[in-house]
Every structure is written in structure tokens, then in C-alpha cells.
2 protein chains.
Amino acid sequence: MTSDLHLDTGEVALLTDLYQLTMAASYLEHGFNEPACFSLSVRRLPPRRGYLVAAGTERFFEAVEALRFDAQALEYLESLKLFKPQFLDYLSRFRFTGAIRAMPEGAIFFAEEPILEVDAPMIEAQMLETLAINQVGVATMIASKAARCYHAAAGRRLIEFGLRRCHGADAGLVAARSSYLAGFNGTANVLAGKRYGIPVYGTMAHSYVMAHDRERDAFADFVRSFPKLSTLLVDTYDTLKGTENAAQVALELKPSGAELIGVRLDSGDLGDLSKRARKTLDARGLGQTSIFASGNLDEYAIAELVRGKAPIDAFGVGTAMVTSADAPSLDLTYKLVEYKGRPRVKTSRNKLTLPGRKQVFRAWSRAGAPYRDLIGLVEESPATVAREFKPTPDRVTELLVARMRGGARIEPNPTLAQARELFLEGFAKLDSPLKALERPELYKVRYTAALGAMQVAEKLKVAERQR
Amino acid sequence: MTSDLHLDTGEVALLTDLYQLTMAASYLEHGFNEPACFSLSVRRLPPRRGYLVAAGTERFFEAVEALRFDAQALEYLESLKLFKPQFLDYLSRFRFTGAIRAMPEGAIFFAEEPILEVDAPMIEAQMLETLAINQVGVATMIASKAARCYHAAAGRRLIEFGLRRCHGADAGLVAARSSYLAGFNGTANVLAGKRYGIPVYGTMAHSYVMAHDRERDAFADFVRSFPKLSTLLVDTYDTLKGTENAAQVALELKPSGAELIGVRLDSGDLGDLSKRARKTLDARGLGQTSIFASGNLDEYAIAELVRGKAPIDAFGVGTAMVTSADAPSLDLTYKLVEYKGRPRVKTSRNKLTLPGRKQVFRAWSRAGAPYRDLIGLVEESPATVAREFKPTPDRVTELLVARMRGGARIEPNPTLAQARELFLEGFAKLDSPLKALERPELYKVRYTAALGAMQVAEKLKVAERQR
């Protein structure tokens, strides 16, 4: 038995906009299938964001590798009476054969910088657009929001708690994966635990307490079931009485070997309640029992609690982070930048794009911090670009690396743990003012002289051609 | 070959919060598995919303019917070293055996009203929580946002264009389905077309134009490929010149039988550009060619264009609608309302819940408009509740109907087309002030005397018991 949450392999190929297929059909018909390059980038940073965290590319590559049109997909497309047999035949043999250069997951990046570039025959490259934006967009958006929470928590633990508020099943997996990548310690999402090896955590719901006649009975039952792993939710009726009840149960069951891991506060003034709960627990000799806080938390609320020295050991973060509530989409575009070896731009009002196959060069200070990026052309190198940075950099690195070739991922595939390491290291090096939650300092991103010149030249050529 | 976008049946069972499983294990161990009732409702309406549109329940029911823990799922759970063999054994035989009463998809509803109620043994009912909120939440949120666009468009056609900005694969399907349900005419999402029979539409992307040396060549190629179905994107370089080019191509290819269906404007001042494009087309005898507008549209922008009499025939709506950008989550809760035949409430600060198994009664005026709802108990009936409405209603209807029994859906399963009809009919009857985009009039929802009395009584009992 299956359900609508299930996606067959052939269905992923149809998870696209119809125009990708009509354009592909027209390209095929008119012999437009020479090498093309498309570039995926964020046009501008969302409000209050000083940086973004790359995520979602590895899941995207995996889906691209597997992309096939199966018999059912072809049958449906035929039923639309839009497509000629030659095109359906082409689709039946379709597979991605191109190359992709991409930033590693966990990389910190900025507006206009390509997250990835696809080099492939026109039709194949065009057909990846919708899936690329759909997958990389949500994953990067959530990783970037999670990084802000990680920064605000200043070393306290963070658990992703938002599966129920995620936009569907797939978003639930993405939220757990992206937040773990960006410094969270675990998730409540069991499937994400299974798929990605993310540590899973859980406490209890109000309904568990409500199902029992007395809160204390609920707590005792739960601690008996999980003597070493109980975190008790104490706010179903009254947070402080609940904490008292939890403490009493912990003391009563101590002789049987039970330990109360924590109490969870899920409503009210978390700063004040956590201080009072801490006192209650300490007074009962439960100094080891930690305080877990949840309930409408985001980076701002976490920062406020940390500033107020709330004795909270771990935060459960849900809705605001998993939906990136203050910026629930990324302005991600997938633009044709080269066709048949010739650069391409789009010039419509306020939307001049960056032509050419590109690389992102990052300058590092002697102190080991990145201080400026130059978006350049793929033919340029750190050595040639170094002199365009001022002050002279200690070293220049390239952000885009080859990740797919001939339609297959280039081994070894980085693990989620490696991506998380990369994020943690990179984030630690980033200057503090760039990480500010409000009005972050703007990181400087410019174009290399070569790219700038190409953009000007291409704009003129377009004006010439369209006359 | 499969990908991470694929969900196996056994995986859907793990798409849950860990605490659902730890609570279930504890319930099983302590014999807490008597009949329970949980109620799914929205605590308060999002900002500026005057109503919500029920959606996502049928997909949820389908997933619930199929819910199983397979060998891999059990193996993973065992590896967590949290659960005893008895519980894993229980899960290996798990299937939902309960009943669900729900509003039909497409129903208009309000805060606090149960969208659905689950009647099942405690463990089964509890285990549906995360999936219920995850699925019904996003679907209802998007349907409700789409209904606002439908209202604003005042009869003009609407196409869902947002797959790339949806939060992942599943959200893409939900967005297409929910928006069609709430009055949209189609989607660009091909998979949604295949799955749900939603009409699919597409135009072309800027890259198609950019791949050609001249815009006019691109247009001619496309019209030759789709002589009866071309909508040309005219704003890659300059919208009005683009419209001229489209018109010329249409006239040149007319002798070959080609017809230009439409032009699409995707940037700039859509009101002004649409008027000038209309003039250009009309002057060329292309009065039948329609104007399609897209680009950062939401209900407010659509209303503004309609007010300004922009000659736009159809709107493509994406990001703002599919992410419900101004309210990207619903405050949906799944609360225990009865256990072992006894009502339950949660009383923590500002969060007194509604106890008991419920029904929603709606009063209709003689003119055929709904004017007030009473949330009551399932034992009450329209006849007994009628006298509590003032003025006396022409008729009283019940919103919750039986949809699952013994773990299976009750046939016939309504189709998406039927749900859309239900929405369109219900929405037409709703008083205009309730539909206002800003400061909508508040529809009156109260409790029946019986429910009100039960809530007070239960609150006192809780206080008594916790003392």
C-alpha cells in the first residue's frame, strides 16, 4: 500500500514546470542542444540576513543522477497532446549527462554568488531548473535561518522541533538536515534520524499529562518507562507546580535508579520561569537536571533569553526556523550564462545578469578570516585574481568545486557530518559584525575586472542584436 | 534507482516526532490504551485572514490508511536503544483502526473549530498527531491564501506558478492541489497535473529567449513548435519591444495556421505595461491574444491591478501564495479532548482548551448565507442547537462528517473536483465583508451552552485534581 506522500522515481522527473518541457521540445525540434551553462544564485539576501549557508545540493545531485521518465510519466505527457513522438522518445531515453560545479554544503556565501553551475547540453541543463530551485532554495533558506539560531544560542544546545509546521513531508526532512548542518545538535524527526544519522530527541506532549488524572502520575509513569531518558513537560497546568511535581517524582524514583534528565518549559515567560524552575530543582538536589525551553522560539527570542542569563540548557526550535518565518523564500534564480561557448545576459529593467561560466574567489586575512569575495570567470585562478583584492590577501580560495561529471556524482560524496564540520569551522572564522541578527555588516562581494568587462560588453551586444 | 525525495511506505510511519513513540511506548507499558478523542483545530486566524479553507485531510486519510512500520523502520527504532521488545512488536503489527470525523475539503471554517476529530485507542490516536498537523496545516494554509487571490482576481483566471519556491517536493504537490481547490484554474506543476488531474499550463522562460541571438527568432521557433498553444514571454530585454516582436511573429506565422494565445509580462509596472501591450496587440488585429501577468504577485497586487482596470486576462501566482508569505504557518493544535469517555482540558496560561467530542453547527440565513457557527458537542444536533442561534436560522448544518471508520476511508472518497465545487459554492455564499483582504469582518463563532458548561466544569476538576 502506498500513499500520496510517496514519490516514484519517474515522478521526480515530472516535478517540474510545464514550460521546461515545452521549451525542451522546441529546442529539440530546432536543434538547440549545444553546450550551455546555467548558474544558480540568490539575487539578494533576505531582510536582516548577513550571509547564507549553502545546503540542499547533495540531495539535488542524487535526484539528478536518478532522473528518468518512466512509462507512466510518458503516458501522461502524451495524454496532454502537446508533444510530438520524437520528443517523447527523447524523454524516454533522457538522463543527465552533464557536469556540475558547486559550493560544498555548509559553505557561507552571499548574494549574486553562484551556488552551483550546470554545464550540459541545453535541454538537460534547462530541465534541471525547477528541481534545483525547489531543493536548494528551501534547504539553504532553512540552514541560513538555523545558523542565526546557532549564533544566538551562544553554545547552548539546539534541537529542531518543527516537523509539524514544515510545509509537508519533504520540507520536514530538509528542515532537520539543514538545521543539523548549521549547528543544531539534533532533531525530533525520527525519519530524519534514520535517513541522515542525526541524533533524535524527544520529551512528551501535553496530551500525555492530560490523559492521566494527575500530573504526578503521568510523570511517574513516564520516568518508569524511560528511567534514564526522561524530560518532563511541566507546563500543562502550572509551570512551577509542574516543576515541583517533576522534582518529587525524580526523588521518589531515585532509589530505583531513575534519573531525571530534564524538564521542559513550553509557555509563559521562559526567562523568569527557567530561573524559578532552576531554583526549585537545585533546592531538591537536582542540579544535574537540565532545563529545556520551547514555544515560539526564534533567533531573537533565544538571544534575549541568553542576554537575560536564563538558565536554559537547550532550546527546542520549531515553526519560525523551519518555515524561515520572516523570510519564507529565497530569491534564487537559475540563469543561462553561456550557450555554444558564448556568454549570455538578461537585461530587463533592474535585472542585468552576470554572463559567463563563473568561479567565486574568497580572500582570507592573515588572521584567518574571509574579508572579501570576487565573482569571476572560471578561466581565472586565485593567482591571477589575488592582485585585485585590497588589502593583499594571505590566500585566495575557490568556492565552486566539481561535484558531478558525466551525469554522476564525483566521489567521495561528503557526508552530512563533514558538511556540518565545514559550516562550524567557516562560521567560527566569520567576523562577528557579519553575524549580527539585526543590521549585519555587509560582506563585500565584487566582480573581477574580467567579469565586469564581459558584462558591459554583453549588454551592448544584446542592445545591438535586438535593434 | 531512487532518491532522497522518495518516501517508502514504512518511512511515512517514521515521519513523526520521537515523543509520539516514547509516549506510545509508555502508554503501552502502563495499559493506557482506552478510547481517546483528539481534536485538530486552528487556535487563531493568521493576521488579516477572515476565514480558512479546509484542505489536506484526504491526503492525510490516505497516508493514515497505509501507515505501517516496516522491517527497516523497526530496525532503526531498535538501534536507538530506547524501546523494549514488546513495544517494537506492537509497532510491527500497528495499523490505525479508529474513526475520523472531518470537515470536507473546501469547507470554509474559523478559529477554534475542529477540522477533524480522531476517535481511536489512545496510542493510535496519539501517533497521528505530527502527520495530521504537518499535512493539514500546509494544505489549509495554502488553500486559504489561494482563496484570497481568487477573491482578488474577481473572475480573471489564476495559474499556480510556485513549485520552485515551495518548501520541497511535497509542498509543491500540496500547493498545486490546494490552490486548485480554492479556485485557481490550473498549475504549472506537471506532476500535480498527473496526480490530481489539474489542468497544466506553461509559457516559456527567459533562458529560452536568451539562448537565441534575437528575441524574434526565439518567438518564431516557439510558435512553430506550439502553433496553437504559445504564450510568449516578452520582458527578457524590453517589454514593449518584446510585445511588438511577438505581434510581428504572430502575423508572419498566421498564414501557416499559427495563433498567438498570449503574451506574458513578468516584470515592471504590470498595470501600465499591460495597457500598452493591449494597445499594441489590438492595433495588430490580435484582440484574441490574451495578456498573462506574473512576477511577485499576491492577493494585494492582484486587487490593485484589478482596481486599476489592467487588461490582464490571467495571473500566474507563485512565491507569496505557495509559501503563504505573510503567514507561513498555521497555529494548528491536536489536543486530547476525551479519554475513557471523560472530557479533558489543558489549562495552562491563556490556553484553556475545549473538552469533549465535538461538532460544528452552522446557521444559515434565509438568503442562503452562513452567519454564525456554534461549536458544540457531538451529542447535540442541529435541532437542539437551533434555538441557541439568534436570529433564528433558516437551517442549521453540521460541518464534521464521518470520513474514516475501522481504519479505512468511508466511500465514496470525494474527488478534488467535488471539493473545488464545494469551495466555490460556499465561498460565493459568504458575505463580502468577511472576504476583505485587510481588516475582514469577524465571523461569529461561539460555543453551545452544553460545551461552555463542560469547559467550566472540567477546568474546576483539573484544579481540584492537581491540588
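Residues numbered from 1 in each chain as written. Chains lettered and ligands numbered in written order. Predicted model: local features only at pLDDT ≥ 70, side-chain atom pairs only at ≥ 80, totals over all residues.

Chemist: Explain the overall build of chain A to me, and be specific about the residues and the numbers.
Modeler: On a plain count of helices and strands, chain A comes out with 18 helices and 19 strands. With the C-alpha coordinates aligned to their principal axes, the bounding extent of chain A is approximately 80 × 60 × 40 Å. The buried share among the 467 residues of chain A stands at 56%. Partitioning the intrachain contacts of chain A with sequence separation of at least 6 by distance along the chain shows that 74% fall at a separation of at least 24. (Helix = DSSP H or I, 4+ residues; strand = E, 2+ residues; numbered from the N terminus. Buried ≥ 20, exposed ≤ 12 C-beta atoms within 10 Å, placed from the backbone. Contact = placed C-beta atoms within 7 Å.)

Chemist: Explain the packing of helix α3 (residues 57-66) of chain B against helix α7 (residues 129-153) of chain B to me, and be specific about the residues and the numbers.
Modeler: Angle between the axes and distance between the axes are the two parameters that describe a pair of packed helices. Residue and element names in this part refer to chain B. Interaxial distance between α3 and α7 falls to 8 Å at its minimum, and their mutual angle equals 155°. Here α7 runs roughly antiparallel to α3, going by the angle between their axes. Taken as a pair, α3 and α7 cross one another with a handedness that is right-handed. Where α3 abuts α7, its residues T57, R59, F60 and A63 lie against L131, A132, Q135, V136 and A139. Looking at side-chain class alone, the contact of α3 with α7 contains six nonpolar, two polar and one charged residues. (Axes fitted to C-alpha atoms, helices over the stretch in contact; angles between N-to-C directions. Parallel < 35°, antiparallel > 145°, perpendicular 65-115°, else oblique. Left-handed = near helix turned anticlockwise from the far one by under 90°. Nonpolar A, V, L, I, M, F, W, Y, C, P; charged D, E, K, R; others polar.)

Chemist: Summarise unusual backbone geometry; cite the residues concerned and give the values.
Modeler: Following K390(A), the chain continues into P391(A) via a peptide bond in cis, with omega recorded as -5°. Examined against the element boundaries, P391(A) turns out to sit in the loop between α16 (382-385) and β16 (395-398). For the peptide bond that leads from E411(A) to P412(A), omega is -10°, which places it in the cis range. Of note, P412(A) is situated in the loop between β18 (408-409) and α17 (416-429). A positive phi angle, close to 55°, is found at K81(B), a residue other than glycine. Tracing the backbone through its elements, the reader meets K81(B) in the loop between α4 (71-79) and α5 (85-92). Note on K81(B): 7 C-beta atoms within 10 Å, which makes it exposed. Backbone geometry places K309(B), a non-glycine residue, at a positive phi of 55°. Mapped onto the elements of the fold, K309(B) is located in the loop between α14 (299-307) and β11 (314-317).

Chemist: Quick one: what's the story with the confidence of the model for chain A, residue by residue and with numbers?
Modeler: Per-residue confidence for chain A averages 95 on the pLDDT scale, and 98% of its residues sit at or above 70. Both scores are given for the predicted complex: the pTM is 0.97, the ipTM 0.96. (pLDDT = per-residue confidence, 0-100.)

Chemist: Run through the interface of chain B and chain A, naming residues and quoting values.
Modeler: The partner chain A presents 96 residues to the 96 residues of chain B that form the contact. Here the side of chain B that touches chain A is built from residues that sort into 44 nonpolar, 30 polar and 22 charged.

Chemist: Quick one: what's the story with the pairing of strand β1 (residues 35-42) of chain A, residue by residue and with numbers?
Modeler: Along a regular strand, successive side chains alternate from one face of the sheet to the other. Residues and elements named next belong to chain A. Counting buried positions along β1 gives seven out of eight residues, so the element sits mostly inside the fold. Here seven bridges tie β1 to strand β5 (residues 114-121), and the two strands are oriented antiparallel to one another. Residue pairing for β5: A36 is matched across the bridge by A120. Sheet topology note: the β1/strand β12 (residues 332-339) ladder contains seven bridges and is antiparallel. Considered in β12, the bridge of C37 is made with E338. (Pairing = 2+ DSSP bridges.)

Chemist: Describe the relation of the copies chain B and chain A, listing the residues and the values that go with them.
Modeler: Of the two same-sequence chains, chain B is brought onto chain A (RMSD 0.0 Å, axial shift 0.0 Å) by a rotation of 180°. Such a combination of turn and shift is consistent with a two-fold rotation axis. (Least-squares fit on C-alpha atoms with pLDDT ≥ 70 in both.)

Chemist: Please set out the nonpolar core residue by residue, giving values where relevant.
Modeler: For soluble globular proteins, nonpolar side chains are generally found buried alongside one another. I142(A) and I142(B) are the most contacted members of the largest nonpolar core, which has 312 residues in total. What I142(A) contacts, discounting residues up to four positions off in sequence, is V174(A), A175(A), S178(A), S179(A), M321(A), V322(A) and S324(A). (Core = buried A, V, L, I, M, F, W, Y, C linked by C-beta atoms within 7 Å.)

Chemist: Provide a residue-level description of the sheet that holds β12(A), including the pertinent values.
Modeler: All names here are of chain A. Taken in spatial order, the seven strands make up an open sheet running β13-β12-β1-β5-β3-β17-β18, and their pairing is antiparallel. With partners counted over all chains shown, the strands left at the sheet margins are β13 (342-343) and β18, one partner each. Sheet analysis places strand β17 (residues 401-405) next to β18, joined by two bridges and oriented antiparallel. Of the residues in β18, the one forming a bridge with M404 is R409.

Chemist: Kindly report on helix α18 (residues 449-466) of chain A, identifying the contributing residues and their values.
Modeler: All names here are of chain A. Over its 18 residues, α18 runs 26 Å from end to end, which matches the ideal 26 Å to within 8%, given 1.5 Å per residue. Listed as buried for α18 are L451, M454, E458 and V462. End-on, the buried residues of α18 take up no more than an arc of 70°, which puts them together on one face. The exposed set on the far side of α18, more than 90 degrees from its buried face, consists of A453, L460, A463 and E464. Buried residues along α18 sit against β13, β15 (370-377) and β19 (444-447). (Expected span 1.5 Å × (residues − 1). Arc of directions from axis to C-beta.)

Chemist: Outline the domain arrangement of chain A, supporting the account with residue identities and numerical values.
Modeler: Residues and elements named next belong to chain A. Entries for chain A in the domain assignment read domain 1 (9-142 + 340-466) and domain 2 (145-322). Tallying the contact residues gives 17 residues for domain 1 and 23 residues for domain 2. Only α7 (129-153) and α17 provide two or more residues apiece to the side of domain 1 that touches domain 2. Grouping the constituent residues of the side of domain 1 that touches domain 2 by class yields twelve nonpolar, two polar and three charged. (Domains from an automatic or database assignment.)

Chemist: For the sheet that holds strand β8 (residues 230-233) of chain A, give the residues involved together with the corresponding values.
Modeler: All names here are of chain A. If you walk across this open sheet you meet the six strands as β7-β6-β11-β10-β9-β8, and the pairing is parallel. The open sheet has two edge strands with one neighbour each: β7 (186-187) and β8. Summarising the sheet, β8 and strand β9 (residues 260-265) pair through four bridges and their orientation is parallel. What sits directly across from L233, in β9, is R264.

Chemist: Explain the environment of E380(A) to me, and be specific about the residues and the numbers.
Modeler: Residues and elements named next belong to chain A. Turning to its location among the elements, E380 is positioned in the loop between β15 and α16. Overall, E380 belongs to the partly exposed group, with 19 C-beta atoms counted inside 10 Å. In the structure, E380 is positioned 363 residues away from D17 in sequence and 35 Å away in space, judged by C-alpha atoms. When neighbours within four sequence positions are excluded, E380 is seen to be in contact with Q359, V385, T448 and A450.

Chemist: Report on the pairing of strand β3 (residues 99-102) of chain B, specifying residues and quantitative values.
Modeler: Residue and element names in this part refer to chain B. With four bridges joining them, β3 and strand β5 (residues 114-121) adopt antiparallel strand pairing. Paired with R101 across the bridge in β5 is E117. Both β3 and strand β17 (residues 401-405) contribute to a ladder of three bridges, which runs antiparallel. Its bridge partner lying in β17, A102 is registered against V401.

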